[in-house]
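# Descriptive structure summary
So you can see what is in the structure, the chains are spelled out below.
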Amino acid sequence: MTWHDPDNAVVWFLGFSPEHDYSLFEQRAATGDLLPDEDDEVLLELERQERDFLTRVRPGLRELLDRAVATPAIPQRGTVGGILKLEVSAIVVRSCDDTLGDVWIIVHLPLQAQASEVPGWPGSDLLVTLARAVGAGDLDFTSQVPAQQGWRELDYASEMAVVTRNVVLDPDAALRPSADP
C-alpha cells in the first residue's frame, strides 16, 4: 500500500500484505499508525538535504528542459532542487535522425542562502555544471537571452547565464546521470 503525499512531493510505502488482506491497514489507520508521522517527515527532510547537488537539481532541470523543447524560444521558469531559481529556453532544430538545439540556462540571483551548503555544490563552476548536465555542446556565456517576444539583454545584477549550443536533445538521454557532469 502506498500513499501519494503532494505536500512533500513523495510517495510513501505504508505496508505490504501478500494476501491482499487490507484489515491490517484498516487497524493501523484506526490507531493512527498508518500514515507517516512527524518523525518520518523529519527523516525525509534530512535525507533530502544530504543529496548531492546534481541529484537535487537534475529532475527539475529535466522538467524545465522538456518544457523548453516542447515550446521553443519560450522561457520556462521554476525552482529546482529547492535551491535554484532557473529559466530555461531552447531553440530546436528537428531532423529525421536527431533533435538538436541551443539551450539557455539563466540562474536568478540572489541564490538561496542554503544553496552553497548542498554537498557537491559546484561553486564558481555552477553555470558550467548546469550546462554539462543538459548535454555536451559548445558553451557560451552570452549577454542576450530568449524572451517571450524575441530577445532581451541579461540583467547582470540579478541573473547569470550560459548557453550550450548544438546539444543533441534526445528525450531519453537528456540529463541522464553520468559520472562526468
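Structure report, in brief. The residue count restarts for each chain, going from 1 along the sequence in the order it is written. Totals for whole chains, interfaces and linings use all residues, but because this is a predicted model, local features are given only for residues with pLDDT of at least 70 and pairs of side-chain atoms are given and counted only at 80 or more. The basis for the side-chain values is all heavy atoms of the structure; hydrogens and waters are excluded.

## Digging into the overall build of the protein
Think of it this way: any DSSP run of H or I at least four residues long counts as a helix, any run of E at least two long counts as a strand, and we number them from the N terminus. A count of helices and strands for the protein gives four helices and nine strands. Along the protein, helices and strands appear, N-terminal first, in the series β-β-α-α-α-β-β-β-α-β-β-β-β. Here the radius of gyration uses the C-alpha set of atoms, whereas the globule reference equals 2.2 Å times the residue count to the power 0.38. Its C-alpha radius of gyration of 20 Å places the protein more than 25% over the 16 Å reference for a compact globule of 181 residues. Dimensions of the protein, computed from C-alpha atoms along their principal axes, come out at roughly 60 × 45 × 35 Å. Expressed as a percentage of its 181 residues, the buried residues of the protein come to 36%. Sequence-distant contacts, at least 24 apart, represent 57% of the contacts inside the protein between residues at least 6 apart. Every accessible area reported is derived by Shrake-Rupley at a probe size of 1.4 Å, with residue values counting cover from the shown protein chains alone. Accessible surface for the protein amounts to roughly 10,700 Å². Of this, 52% is attributable to carbon and sulfur atoms. Side chains of the protein give 14 positive and 31 negative charges; the mean places of these two sets differ by 7 Å. Three exposure classes are used, based on accessible area relative to the maximum for each residue type with a 1.4 Å probe and protein chains only: buried under 20%, partly exposed in between, and exposed over 50%. Any two residues having at least one pair of non-hydrogen atoms within 4.5 Å are treated as being in contact. Note on charges: Lys and Arg go in the positive column, Asp and Glu in the negative column, and His and the chain ends are not counted at all. All charge positions are set by atom: Lys at NZ, Arg at CZ, Asp at CG, Glu at CD.

## Quick notes on the sheet that holds strand 5 (residues 99-108)
The strand order across the open sheet formed by five strands is 3-4-5-9-6, and the pairing between neighbours is antiparallel. Both edges of this open sheet fall to strand 3 (76-80) and strand 6 (138-140), since each of them pairs with a single strand only. The mean inter-strand angle of the sheet, taken between neighbouring strand axes irrespective of direction, is 25°. Here, a strand pair is defined by DSSP locating no fewer than two bridges between the strands. Where strand 4 (residues 84-94) meets strand 5, nine bridges bridge the pair, whose relative direction is antiparallel. Paired with Leu86 across the two strands is Val107, which belongs to strand 5. Axis angles are defined between N-to-C directions and span 0 to 180 degrees, where every axis is a line fitted to C-alpha atoms and, for a helix, only to the segment in contact.

## Side note on the packing of helix 3 (residues 53-70) against helix 4 (residues 126-134)
Where helix 3 contacts helix 4, the two axes come as close as 10 Å, and the packing angle between them is 60°. Here helix 4 runs oblique to helix 3, going by the angle between their axes. With respect to the hand of their crossing, helix 3 and helix 4 are arranged in right-handed fashion. Taking contact as the criterion, the partners of Phe53, Leu54, Val57, Leu61 and Leu65 in helix 3 are, on helix 4, Leu126, Thr129, Leu130, Ala133 and Val134. The residue makeup of the contact of helix 3 with helix 4, split by class, is nine nonpolar, one polar and no charged. For classification, angles of less than 35 degrees are called roughly parallel, those exceeding 145 degrees roughly antiparallel, those between 65 and 115 degrees roughly perpendicular, and all remaining angles oblique. Rotating anticlockwise by less than a right angle from the far helix to the near helix defines a left-handed crossing, while the corresponding clockwise rotation defines a right-handed one. For this scheme, ten residues count as nonpolar: Ala, Val, Leu, Ile, Met, Phe, Trp, Tyr, Cys and Pro. Four count as charged, namely Asp, Glu, Lys and Arg, and the remainder, Gly too, count as polar.

## Concerning a negative patch on the surface
Taken together, Asp7, Asp33, Asp37, Glu38, Asp39, Asp40 and Glu41 make up a surface patch of like negative charges. The residue Asp33 is located in the loop between helix 1 (23-31) and helix 2 (38-50) in this model. In this structure Asp33 comes out as exposed when scored by relative accessible area, which is 55%. Candidate patch residues must exceed 30% relative accessible area and have no salt bridge, after which like charges are joined if within 9 Å and Val, Leu, Ile, Met, Phe, Trp or Tyr side chains if within 5 Å. Salt bridge, as used here: a side-chain nitrogen of Lys or Arg that lies within 4 Å of a carboxyl oxygen of Asp or Glu.

## Some words on the side chain of Thr164
With respect to the secondary-structure elements, Thr164 resides in strand 9 (residues 159-168). Classification of Thr164 by relative accessible area gives buried; the value is 1%. Contacts of Thr164, omitting those with residues within four sequence positions, involve Gly101, Asp102, Val103, Ala131, Gly135, Ala136, Gly137, Asp138 and Leu139.

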